[in-house]
Amino acid sequence: MSKFILLSAFLLVTLQVSGQGDLLGFGFRAGLSIAKIDGPSELGPNGEELETNKMAGGFHIGLTFNLKVTDIVGLRGEFLYSQRGNNYKYEGPSYFVLGPPNQSVTIFGKRTQEINLANSYLDIPLTAYYKIGYFEIFGGLNTGISIGSAAGGEIIFEGISPLGNTMAPFEIGLDYNYKKDDAGSASDATTNVNVDGRIYTVPQFIGAYYDYPVKEKNYYETLDFGLMAGVSYFLNDGLYLSARYIHGLGDVDRNVYDRSLQSLDNGNPIPRADVNKSRSWQFSVGFSF
């Protein structure tokens with residue numbers, strides 16, 4: 001809330017000096033974003049990392065508002081549509097539960113799971129800047145408000161049946177909408193899986209909360225707070241190139257959905273409660289009036 005209070009104060013000051021055009025400026029910027037989620041990996045039997053997170057591309061676009069304090073120092077507020085994604089992969093020992101409750105069977109084997117995440121935010125950065133010739137350095141706080149969250153990918157599972165028979169690998173597509181999907185949501189189309197002569201059906205595509213009996217809240221937190229710093233180079237009085245880094249401070253997903261993909265505890269999921277934080281870069285072209 002403190003960041004929204006700061007934003008309100010900034011806008012009030014802007015309105016108070018609105019008659020002094022030399023103190024105020026506005027503009028726009030747009031460009032490419034690369035981001036990932038940084039968090040701990042589940043460790044395998046030999047201490048190997050089973051999970052990896054890699055950078056994903058996106059874009060950002062929005063408006064900027066400047067308030068001069070002196071000719072070289074000032075304050076800036078922005079309203080941006082910004083994408084922050086992540087390319088996640090799990091590869092290693094795992095389990096899979098087939099069939100409805102009271103008739104299910106748990107198989108163990110190897111899981112290869114990939115999720116390509118695309119989160120969308122309304123970003124509200126509040127920064128101070130300092131100009132040195134054609135260069136400008138800046139830093140401050142960023143508040144991201146989640147407005148969309150979706151992902152796609154697949155699971156490939158190679159299992160061993162309860163009787164020790166090698167099963168044919170099966171594949172499940174991932175079609176996640178973290179804000180709209182319900183618990184247990186999946187496609188009507190299914191694939192047959194043979195387990196020791198008994199046929200189980202699995203959906204061809206599953207939603208974000210397929211493995212959860214209840215959807216308590218959305219998977220990702222609504223707010224993503226972070227520190228931001230960057231540099232701009234002005235090609236002339238208005239046109240500039242800019243690069244900035246945003247270092248997320250809080251856990252971006254909710255712990256209720258953090259669970260082990262490697263093993264179960266007496267048939268029950270093992271909670272993990274990881275702290276996963278966003279890390280992102282933005283490369284922009286902008287114009288300031």
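Look up: the structure comes first, before these words.
Remember, predicted model here, so these are calculated numbers, not experimental data.

Chemist: Kindly report on the overall build of the protein chain, identifying the contributing residues and their values.
Modeler: Across its full length, the protein chain holds 1 helix and 15 strands. When the backbone C-alpha atoms are referred to their principal axes, the protein chain occupies close to 80 × 30 × 30 Å. Put simply, the protein chain has 289 residues, and 40% of those count as buried. Contacts in the protein chain between residues far apart in sequence, at least 24 positions, make up 70% of those at least 6 positions apart. Per element, the accessible surface of the protein chain, about 14,800 Å² overall, is 59% carbon and sulfur. Within the protein chain, one finds 22 positive and 30 negative side-chain charges whose respective centroids are separated by 5 Å.

Chemist: Pulling in residues and values, what's your account of the packing of aromatic side chains?
Modeler: Enumeration over the complete set of coordinates arrives at 20 aromatic pairs. With 6.1 Å between their ring centres and 80 degrees between their planes, Phe65 and Phe79 make a pair best called edge-to-face. Residue Phe65 is located in strand β3 (residues 56-68), and its partner Phe79 is located in strand β4 (residues 73-98); the two are separated by 14 residues in the primary sequence. Note on Phe79: relative accessible area 31%, which makes it partly exposed. Grouped by ring-pair contacts, the aromatic residues Tyr176, Tyr178, Tyr209, Tyr212, Tyr219, Tyr220 and Tyr257 constitute a single cluster. Looking at Arg84, its charged tip hangs above the ring of Tyr121, at a distance of 4.1 Å from the centre. The ring of Phe234 carries Lys131 above its face, with NZ or CZ at 4.9 Å from the centroid.

Chemist: Mind laying out empty space enclosed by the protein, listing which residues take part and the relevant values?
Modeler: Per the counting criterion, the structure on display carries 3 cavities of 30 Å³ or more. Of the pockets and cavities examined, the largest cavity occupies roughly 100 Å³. What lines the largest cavity is a set of 13 residues, and nearest its centre among them are Thr64, Arg76, Glu136, Ser232 and Tyr240. Elements supplying a minimum of two residues to the lining of the largest cavity: β3, β4, β6 (135-160), β11 (223-234) and β12 (239-248). It is β12 that provides the largest number of residues to the lining of the largest cavity, a total of 3 residues.

Chemist: Account for the pairing of strand β8 (residues 190-195), naming residues and giving values.
Modeler: Strand direction decides the pairing type here: β8 and strand β9 (residues 198-203), joined by 6 bridges, are antiparallel. Within β9, the position partnered with Thr190 by the bridge is Pro203. The hairpin turn running from β8 into β9, its antiparallel successor, is 2 residues long, and Asp196 in that turn takes a positive phi close to 55 degrees.

Chemist: Provide a residue-level description of the environment of Thr166, including the pertinent values.
Modeler: Along the chain, the position of Thr166 falls in the loop between β6 and β7 (170-177). Residues Thr166 and Gly109, 57 residues apart in the sequence, show an inter-C-alpha distance of 9.3 Å. Beyond its immediate chain neighbours, meaning those up to four positions away, Thr166 contacts Gly159 and Ile160.

Chemist: Tell me about the environment of Gly238, and please be specific about residues and values.
Modeler: When you line up the elements, Gly238 lands in the loop between β11 and β12. The class of Gly238 is buried, set by a relative accessible area of 4%. Put simply, Gly238 and Gly152 are 86 residues apart on the chain and 40 Å apart in space, counted from C-alpha to C-alpha.

Chemist: Residues and numbers for the nonpolar core, please.
Modeler: Side chains of nonpolar character tend, in soluble globular proteins, to be buried together. Membership of the largest hydrophobic core comes to 32 residues, with the highest contact counts inside it found for Phe96, Leu98, Ile107, Phe170, Tyr176, Tyr178 and Val195. Those elements giving two or more residues to this core turn out to be β4, β5 (105-132), β6, β7, β8 and β9. With sequence-adjacent residues up to four places away left out, Tyr178 is seen in contact with Ile115, Leu117, Ser149, Ala150, Ala151, Ala208, Tyr209, Lys215, Asn218, Tyr219 and Tyr220.

Chemist: Describe the pattern of salt bridges, listing the residues and the values that go with them.
Modeler: The final tally for this structure, using the stated rule, is 12 salt bridges. Notably, a salt bridge pairs Arg272 with Glu42, separated by 3.4 Å at the nearest N-O pair. One end of the pair, Arg272, is in the loop between β14 (268-271) and β15 (277-288); the other, Glu42, is in the loop between β1 (24-38) and β2 (51-54), with 230 residues separating them in the sequence. With a closest N to O distance of 2.9 Å, Arg272 and Asp274 form a salt bridge.

Chemist: Describe the layout of surface pockets, and please don't skip the residues or the numbers.
Modeler: Size it by volume and the largest pocket reaches roughly 1,300 Å³. Lining the largest pocket are 47 residues, with Arg111, Asp211, Tyr212, Arg259 and Leu261 sitting closest to its centre. Secondary-structure elements contributing two or more residues to the lining of the largest pocket are β2, β4, β5, β9 and β13 (259-265). Per-element tally for the lining of the largest pocket: the top contributor is β4, with 6 residues.

So, how was this worked out
- Residues numbered from 1 in each chain as written.
- Predicted model: local features only at pLDDT ≥ 70, side-chain atom pairs only at ≥ 80, totals over all residues.
- Heavy atoms only, no water.
- Helix = DSSP H or I, 4+ residues; strand = E, 2+ residues; numbered from the N terminus.
- Buried < 20%, exposed > 50% of the residue type's maximum accessible area, 1.4 Å probe, protein only.
- Contact = heavy atoms within 4.5 Å.
- Areas by Shrake-Rupley, 256 points an atom, 1.4 Å probe, with all protein chains shown as cover.
- Lys, Arg positive; Asp, Glu negative; His and termini not counted.
- Charge placed at Lys NZ, Arg CZ, Asp CG, Glu CD.
- Phe/Tyr/Trp six-rings, centres within 6.5 Å; stacked < 30°, edge-to-face > 60°.
- Lys NZ or Arg CZ within 6 Å of the ring centre and 35° of its normal.
- 1 Å grid on protein atoms, 1.4 Å probe; cavity = no way out; pocket = protein on both sides within 12 Å on 5 of 7 lines; lining within 4 Å.
- Points joined across faces, edges and corners; volume = space filled by probe spheres on them.
- Pairing = 2+ DSSP bridges.
- Core = buried A, V, L, I, M, F, W, Y, C linked by side-chain atoms within 4.5 Å.
- Salt bridge = Lys/Arg side-chain N within 4 Å of Asp/Glu carboxyl O.

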